[in-house]
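Structural characterization, general
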Amino acid sequence: MNLQFVADGLAMGAMIGLGAIGLTLTYSILRFANFVHGEFIAWGAYTGLVVANGLIVLSPKSGSFGPFSFGWALLIGLFAAMLCGVALALLVDKFAFKQLRMQSNTIVLVIASFGLSLALRSLLEFFVTSQPAYYSRDIQMAVPLGLGVRVTPDQLLVLALAAGLLVVVHVILTRTHAGRAMRAFSENPLLAEVAGIDGAAVVRMTWALGGALAAASGVMLGITVQIRPTMGFDMLLPLFAAAILGGIGSVPGAVMGGLIIGLAEAGGVQLFGGSYRAAVAFLILIAVLLVRPNGLFGRRP
Amino acid sequence: MILDIFAYGTFFLATALTYAIVCLGLNLQWGQTGLFNVGVAGFVAIGAYTSALLTTPATPGRFGGYGLPIAVGWILAIVVAAAASWCVGKITLRLRADYLAITTFGVAVVIQLVALNAEPLTGGPFGIGFIPRPFASLAEQVALYDVLHLLLVAAVLAAVYLVLERLAGSPWGRVLGAIREDEEAAVSLGKDANGFRLQAFVLGGAIMGLAGAIQAHFIGFIAPENYLPALTFQVWAMLIIGGSGNNRGAILGAILVWGLWSFSGAAIGSLVPADFQARAATLRIVVVGLALVSILLWRPRGLLPE
């Protein structure tokens, strides 16, 4: 067994972690397991594709940065994807979850989110067909890093981009008023409202942040793997496993959980082949539920 | 022409009533006990594959093929689906409610993976064929065969319905309702809430497994793509539209949603040009999803409330 899985696992884990942040936040602030979250990933990836391809058609000479497979077009695409993630999350909340939150219990929200995720995925498949797509069809040469590990420049960039986004999220949650309001609301919603925090604004902020991060991770997945309508659905199990492993409500936990799941998946693929990749996340999920159901950094309920 | 309509009607009803059996299993888990199972397709698949593997003729390179009688296959389908439900329930039912949702979702994903990839066990993407059909000696007379099959499914459905109705009215069923409505009160009266939940979850899973086996032996062929999350979603839509907590609602919902599903399929088939149909077929899920969300918003307790 060589160390290649570490590089692949970290790149994958960073994307799982980014997606899991939004999941763990919606879980702890809105208090339900949101199956729509995967669709923010897929819709984000396709928005990036449409915008980037459109820009390349408009100015064919835009080219790509140095060793990377993409250029300005995709960076603008990434920005558009994050906006799409925000918009989709806010729309889903406004037209479905908001009313359901007022009239029914948590589990009805989960059912509605499961149904909505299938409807959104089918709609996406209707528009883009089930054929896989790529941001770039160029083959990237992997660069040796020593110890038998090779990485593509894109993988390194994805890791750096994910790290940058994590710093931004950390600053938002710990240094801004909105972030502090979100954390207070997740600790104790009643007390937070008594203290004058606007619950509706916290809910909107949670959806927006989660949607943007999920869409960004979708674009990164598209850069390093491929773009398919089911890519968000396939990410759901790793995302849930990462959020629960890290402890519901803990952002550092979600990132740590994502990295662990990513590494375990890559290790599993190296040992047993790719067919059972999704089972790795499931086994970790079961192990966490058996041994430490509150996760690594979770509070006791 | 009349014969065609009759044949289609019996086929349609037989399929709808098989869904109704699955839906009754889900109603026991969700409607009566409040357990959220997102892996319905997985438990149906377990039943279908168990029975198919045991009753088919021997196939080189694949597990099973013992040629056992159909009834034995059905009974073991119930047993294996119950055992799988027990394992899942044992791990998750003591935790917060939506962990069950996430775990059952994972179960369905893993079963789908095994069905696709474990070729020596499940036949892989090509599935399992030559599953023996009840009344096979009458297969020549299609109309008679379909009617007999419909009667068989209806008989099983009636039996499951009667058992569940009796259970719902029994002290056991009342404890389930009490746990769902106010767990603390039930526990303070000395009821083992987790034990009752586990029993309901296992019984519901067993019923889903039975329905999977019945369907497999009706069609005679199963493949992994029969058990995608869309199946889970259909069954949920049936239960919620029909009225969860009400067994008659579950059956009504199954017939209505299967009708909507078949009708939208037929509409797409006749209205949409041929090379566009595969794409348009994905819209059926959107149709059922919209029906579900509108029921949740406008009539949250379903057509036949509890």
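What you are looking at is a predicted structure, and each value in this text was computed from that prediction instead of being measured.

It is worth spelling out the overall build of chain B at this point. Counting secondary structure elements, chain B contains 13 helices and 0 strands. Each helix (α) and strand (β) of chain B, taken in turn from the N terminus, gives the series α-α-α-α-α-α-α-α-α-α-α-α-α. A globule of 306 residues ought to have a C-alpha radius of gyration of about 19 Å, and chain B, at 19 Å, matches this closely. Along the longest, intermediate and shortest principal axes, the C-alpha atoms of chain B span 60 × 45 × 35 Å. Per-residue burial for chain B yields a buried fraction of 56% across its 306 residues. Across chain B, the fraction of contacts at a sequence separation of at least 24, relative to all contacts at a separation of at least 6, is 77%.

Moving on, we get to the overall build of chain A. Scanning chain A from N- to C-terminus turns up 11 helices and 2 strands. Scaling as 2.2 N^0.38, a compact globule of 301 residues should have a C-alpha radius of gyration of about 19 Å, and chain A matches this with 19 Å. Taking the principal axes of the C-alpha coordinates as reference, chain A spans close to 55 × 45 × 35 Å. Nonlocal contacts in chain A, meaning residues at least 24 apart in sequence, comprise 77% of its contacts between residues at least 6 apart. Carbon and sulfur atoms form 69% of the exposed surface of chain A, whose accessible area is close to 12,800 Å².

Turning next to helix α6 (residues 142–169) of chain B. Every α-helix winds through 3.6 residues per turn, so residues three or four apart in the chain are directed the same way. Relative to the 40 Å expected for 28 residues at 1.5 Å per residue, α6(B) spans 40 Å between its end C-alpha atoms, a close match to the ideal helical length. Summarising the contacts, the buried residues of α6(B) are in contact with α1 (2–32), α3 (70–92), α9 (193–219) and α11 (247–271) of chain B.

For any two helices packed against each other, the geometry is given by the interaxial angle and the distance between the axes. Residue and element names in this part refer to chain A. With their axes 10 Å apart at the nearest point, helix α6 (residues 177–187) and helix α8 (residues 199–224) run at an angle of 105 degrees to one another. Relative to α8, the element α6 is oriented roughly perpendicular. Residue-level inspection shows Ala-178, Ala-181, Met-182 and Phe-185 of α6 in contact with α8, the latter providing Gly-199, Val-202, Met-205, Thr-206 and Leu-209. Grouping the constituent residues of the contact of α6 with α8 by class yields 7 nonpolar, 2 polar and no charged.

Here we come to helix α4 (residues 106–128) of chain A. All names here are of chain A. An ideal rise of 1.5 Å per residue puts 33 Å on 23 residues; α4 measures up with 33 Å between its terminal C-alpha atoms. Most of α4 sits inside the fold, with 18 of its 23 residues counted as buried. Phi for Thr-129, located one or two positions after α4, is positive at around 60 degrees.

Attention now moves to the side chain of B:Gln29. Looking at the secondary structure, you find B:Gln29 in helix α1. Setting aside anything within four residues of it in sequence, one finds B:Gln29 in contact with B:Gly34, B:Leu35, B:Asn37, B:Ala200, B:Phe201, B:Gly204, B:Gly205 and B:Met208.

Time to look at the pairing of strand β1 (residues 143–146) of chain A. All names here are of chain A. With 3 bridges joining them, β1 and strand β2 (residues 149–151) adopt antiparallel strand pairing. Its bridge partner being in β2, Gly-146 is matched across the sheet by Val-149. With antiparallel pairing between neighbouring strands as the criterion, β1 and β2 make up a hairpin whose turn holds 2 residues, including Leu-147 at a positive phi of roughly 55 degrees.

Each partner contributes to the interface: chain B provides 39 residues, whereas chain A provides 41 residues. Between chain B and chain A, the buried area comes to about 3,700 Å², and carbon and sulfur atoms account for 81% of it. Where chain B meets chain A, there are 0 salt bridges. In this assembly, chain B and chain A are joined by 4 residue pairs in polar contact (both at pLDDT 80 or more). Of all elements in the fold, only α3, α4 (97–117), α10 (229–242), α12 (277–281) and α13 (283–298) of chain B reach the threshold of two or more residues within the side of chain B that touches chain A. Partitioning the side of chain B that touches chain A into residue classes produces 29 nonpolar, 6 polar and 4 charged.

Turning next to the pattern of salt bridges. Note that side chains of opposite charge can pair when their charged atoms are close. Residue and element names in this part refer to chain A. Taken as a whole and judged by the stated rule, the model has 5 salt bridges over all chains. For Asp-234, the salt bridge goes to Arg-228, with nearest N and O atoms at 3.4 Å. Judged by its relative accessible area of 27%, Arg-228 is partly exposed.

Here the focus is the packing of aromatic side chains. In this structure the tally under the stated criterion is 18 aromatic pairs over all chains. Summarising the aromatic geometry, the rings of A:Phe233 and B:Phe105 are spaced 5.6 Å apart at their centres and angled 85 degrees between planes, so their arrangement reads as edge-to-face. With A:Phe233 in helix α9 (residues 231–246) and B:Phe105 in helix α4, this residue pair bridges two chains. The class for A:Phe233 is buried, based on a relative accessible area of 13%. Taken together through their ring pairs, the aromatic side chains of A:Phe35, A:Phe114, A:Phe233, A:Phe240 and B:Phe105 make up a single cluster. For A:Lys94, the ring lying beneath its charged end belongs to A:Phe95, and the centroid distance is 5.8 Å.

Our next topic: the packing of α9(A) against helix α10 (residues 251–272) of chain A. Residues and elements named next belong to chain A. The N-to-C vectors of α9 and α10 enclose an angle of 125 degrees; their axes lie 7 Å apart at closest approach. As summarised for this structure, α9 and α10 are arranged oblique, according to the angle between their axes. For the pair α9 and α10, the crossing hand works out as right-handed. Within the contact between the two elements, α9 uses Pro-238, Ala-241, Ala-242, Leu-245 and Gly-246 and α10 uses Gly-253, Ala-254, Gly-257, Gly-258, Ile-260, Ile-261 and Glu-265. Of the residues belonging to the contact of α9 with α10, the class tally is 7 nonpolar, 4 polar and 1 charged.

This part takes up the nonpolar core. Counting 201 residues, the largest nonpolar core has A:Ile21, A:Phe97, B:Phe105, B:Ile222 and B:Tyr227 as the members making the most contacts within it. Among the elements that make up this core, the one with the highest residue count is α9(B) (15 residues).

The subject of this paragraph is unusual backbone geometry. For A:Thr129, which is not a glycine, the phi torsion comes out positive at approximately 60 degrees. Checked against the element boundaries, A:Thr129 lands in the loop between α4 and β1. For A:Thr129, a relative accessible area of 24% corresponds to the partly exposed category. The phi dihedral of B:Phe130 is positive, around 55 degrees, even though this residue is not glycine.

With that settled, the discussion passes to the environment of B:Tyr99. Here B:Tyr99 shows up in helix α4. Residue classification places B:Tyr99 among the buried positions, given a relative accessible area of 5%. Residues B:Tyr99 and B:Phe36, spaced 63 residues apart in sequence, show a C-alpha to C-alpha distance of 9.1 Å. B:Tyr99 has contacts with A:Tyr27, A:Ile244, A:Ile248, A:Leu289, A:Pro293 and B:Thr92, leaving out every residue within four places of it along the chain.

The next subject is a nonpolar patch on the surface. A contiguous nonpolar surface patch, about 720 Å² in accessible area, is contributed by B:Phe63, B:Tyr66, B:Leu68, B:Val72, B:Ile75, B:Leu76, B:Val79, B:Val80 and B:Leu121. You can see B:Leu68 is positioned in the loop between α2 (40–55) and α3.

This part covers the confidence of the model for chain B. When pLDDT is averaged along chain B, the result is 89; 100% of the residues meet or exceed 70. Taken element by element, the predicted model of chain B shows its lowest mean pLDDT in α12(B) (77) and its highest in α2(B) (95).

Cut-offs applied
- Residues numbered from 1 in each chain as written.
- Chains lettered and ligands numbered in written order.
- Predicted model: local features only at pLDDT ≥ 70, side-chain atom pairs only at ≥ 80, totals over all residues.
- Heavy atoms only, no water.
- Helix = DSSP H or I, 4+ residues; strand = E, 2+ residues; numbered from the N terminus.
- Rg over C-alpha atoms; globule rule 2.2 N^0.38 Å.
- Buried < 20%, exposed > 50% of the residue type's maximum accessible area, 1.4 Å probe, protein only.
- Contact = heavy atoms within 4.5 Å.
- Areas by Shrake-Rupley, 256 points an atom, 1.4 Å probe, with all protein chains shown as cover.
- Expected span 1.5 Å × (residues − 1).
- Axes fitted to C-alpha atoms, helices over the stretch in contact; angles between N-to-C directions.
- Parallel < 35°, antiparallel > 145°, perpendicular 65-115°, else oblique.
- Nonpolar A, V, L, I, M, F, W, Y, C, P; charged D, E, K, R; others polar.
- Pairing = 2+ DSSP bridges.
- Buried area = accessible area lost by both parts, 1.4 Å probe.
- Salt bridge = Lys/Arg side-chain N within 4 Å of Asp/Glu carboxyl O.
- Polar contact = N/O pair within 3.5 Å; in protein donor to acceptor, adjacent residues only side chain to side chain.
- Phe/Tyr/Trp six-rings, centres within 6.5 Å; stacked < 30°, edge-to-face > 60°.
- Lys NZ or Arg CZ within 6 Å of the ring centre and 35° of its normal.
- Left-handed = near helix turned anticlockwise from the far one by under 90°.
- Core = buried A, V, L, I, M, F, W, Y, C linked by side-chain atoms within 4.5 Å.
- Patch = residues over 30% accessible without salt bridge, like charges linked within 9 Å, V, L, I, M, F, W, Y side chains within 5 Å.
- pLDDT = per-residue confidence, 0-100.

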